[in-house]
Amino acid sequence: MAGHSKFKNIMHRKGAQDKKRSNLFSKLSREITVAAKMGLPDPDMNPRLRAAVNAAKAQSLPKDNIQRSIDKAAKGEGDNYEEIRYEGFGPGGVSLIIEALTDNRNRTATNVRTAVSKNGGNLGTAGSVSHGFDRMGLITYPAGAGDAEKVFEAALEAGAEDVSSSEDGHEIWTDQGALHEVVKALEPVLGEAEGAKLAWRPQTMVDVGESDAATLFKLIDALDDDDDVQTVWGNYEVSDAVMEKLG
């Protein structure tokens with residue numbers, strides 16, 4: 001799943017859409033299972049599970065699939081996944097944080113390292129790039145939730161720290177400890193959020209040129225195709241002109 005808003009360009013590009021959708025559903029189901037196992041199997045009593053279910057609904061994951069994932073966790077069935085974070089660098093000096101849920105650490109490490117090294121990047125040690133990011137809460141809403149002014153005012157009243165709005169939607173940033181309180185405060189005004197999760201927000205951005213951007217997108221695609229990789233965060237920025245050239 002794309003982490004930074006810029007990654008939405010990758011998620012919706014043409015080609016292999018059925019495979020992408022199946023892959024996305026698998027990731028969403030996995031997050032639901034993990035969230036349900038880590039807490040109560042009731043979205044109303046488990047903030048992480050509620051966020052996972054809302055994210056799944058936003059991507060049209062069938063209700064039966066959602067309930068099946070919750071039921072498996074409640075019965076102690078299914079694989080046991082562990083959360084792993086990889087840090088490294090992509091083309092153009094871009095910093096990347098790769099979050100995974102895996103039942104086989106060695107497999108995931110090999111796959112991630114291969115994807116990164118084959119596409120102009122290299123993995124670093126723990127902490128090698130995360131110092132350039134802030135750990136924050138991220139709440140997302142579709143553009144239809146309201147105009148930028150309405151969303152900004154609602155976010156300010158709810159205790160959020162920053163808001164970014166575009167034609168693609170709204171990103172509301174919070175202190176990581178206040179994420180779920182802000183989510184609850186926003187619901188009466190904006191409705192259910194499309195997504196709510198802990199995120200890595202870059203402190204500074206790196207402008208990526210055309211050649212590096214093409215390779216970077218291949219790298220992100222390769223990681224996104226891996227079932228174990230849940231989210232990729234990056235500090236890159238690609239201009240509209242470069243995006244247009246890349247199609």
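Residues numbered from 1 in each chain as written. Predicted model: local features only at pLDDT ≥ 70, side-chain atom pairs only at ≥ 80, totals over all residues. Heavy atoms only, no water.

Caption draft 1: Representation of the packing of helix H6 (residues 148–158) against helix H7 (residues 179–190). Direction vectors running N to C along H6 and H7 enclose 140°, while the axes themselves pass 9 Å from each other. Compared by their axis directions, H6 and H7 come out oblique. Considering how the two elements wind past one another, H6 and H7 form a crossing that is right-handed. For the pair formed by H6 and H7, the contact residues are Lys-150, Val-151, Ala-154, Ala-155 and Ala-158 on the first element and Val-182, Ala-185, Leu-186, Val-189 and Leu-190 on the second. Class assignment of the residues belonging to the contact of H6 with H7 gives a composition of 9 nonpolar, no polar and 1 charged. (Axes fitted to C-alpha atoms, helices over the stretch in contact; angles between N-to-C directions. Helix = DSSP H or I, 4+ residues; strand = E, 2+ residues; numbered from the N terminus. Parallel < 35°, antiparallel > 145°, perpendicular 65-115°, else oblique. Left-handed = near helix turned anticlockwise from the far one by under 90°. Contact = heavy atoms within 4.5 Å. Nonpolar A, V, L, I, M, F, W, Y, C, P; charged D, E, K, R; others polar.)

Caption draft 2: A look at a negative patch on the surface. Side chains of Glu-167, Asp-168, Asp-240 and Glu-244 sit close together on the surface and give a patch of like negative charge. Within the element layout of this structure, Glu-244 appears in helix H9 (residues 240–246). (Patch = residues over 30% accessible without salt bridge, like charges linked within 9 Å, V, L, I, M, F, W, Y side chains within 5 Å. Areas by Shrake-Rupley, 256 points an atom, 1.4 Å probe, with all protein chains shown as cover. Salt bridge = Lys/Arg side-chain N within 4 Å of Asp/Glu carboxyl O. Lys, Arg positive; Asp, Glu negative; His and termini not counted. Charge placed at Lys NZ, Arg CZ, Asp CG, Glu CD.)

Caption draft 3: Representation of helix H4 (residues 63–74). Over its 12 residues, H4 runs 16 Å from end to end, which matches the ideal 16 Å to within 8%, given 1.5 Å per residue. Where H4 is concerned, the buried positions are Ile-66, Ser-69, Ile-70 and Ala-73. Looking straight down H4, one finds its buried side chains confined to an arc of 95°; they lie on one side. Phi for Gly-76, located one or two positions after H4, is positive at around 75°. (Expected span 1.5 Å × (residues − 1). Buried < 20%, exposed > 50% of the residue type's maximum accessible area, 1.4 Å probe, protein only. Arc of directions from axis to C-beta.)

Caption draft 4: Up close: the sheet that holds strand S5 (residues 162–166). The strand order across the open sheet formed by 4 strands is S5-S6-S4-S7, and the pairing between neighbours is antiparallel. Every other strand in the sheet has two partners, leaving S5 and strand S7 (195–202) as the edge strands with one partner each. Within the sheet, the average angular offset between the axes of one strand and its neighbour, ignoring direction, is 30°. Relative to S7, strand S4 (residues 133–141) is paired through 8 bridges, and the arrangement is antiparallel. Along S7, the bridge assignment pairs Met-136 with Ala-199. (Pairing = 2+ DSSP bridges.)

Caption draft 5: Structural view of the confidence of the model for the protein. For the protein, the mean per-residue pLDDT works out to 89, and 92% of the residues sit at or above 70. Residue range residues 1–15 is modelled with pLDDT below 50. Its contacts to residues more than four positions away, or to other chains, number 44 contacts. (pLDDT = per-residue confidence, 0-100.)

Caption draft 6: Broad picture of the pattern of salt bridges. Counting across every chain of the model gives 11 salt bridges. The residue Asp-228 makes a salt bridge to Arg-30 at a minimum N-O spacing of 2.8 Å. Residue Asp-228 is found in the loop between helix H8 (210–224) and strand S9 (229–234), and its partner Arg-30 is found in helix H2 (residues 17–38); the two are separated by 198 residues along the sequence. In this structure, Arg-135 engages Glu-99 in a salt bridge whose closest nitrogen and oxygen atoms are separated by 3.3 Å. In this pair, Arg-135 sits in strand S4 while Glu-99 sits in strand S2 (residues 94–102), placing the two residues 36 residues apart along the sequence. A relative accessible area of 17% means that Glu-99 is categorised as buried.

Caption draft 7: View of the packing of aromatic side chains. Enumeration according to the criterion identifies 1 aromatic pair in this entry. Plain terms: the ring middles of Phe-217 and Tyr-236 are 6.3 Å apart, the flat faces sit at 70° to each other, and that makes the pair edge-to-face. Taken together, the residues span a long stretch of sequence, with Phe-217 in helix H8 and Tyr-236 in strand S10 (residues 236–237) at a distance of 19 residues. Pair check on accessibility: Phe-217 and Tyr-236 agree, each one buried. (Phe/Tyr/Trp six-rings, centres within 6.5 Å; stacked < 30°, edge-to-face > 60°.)

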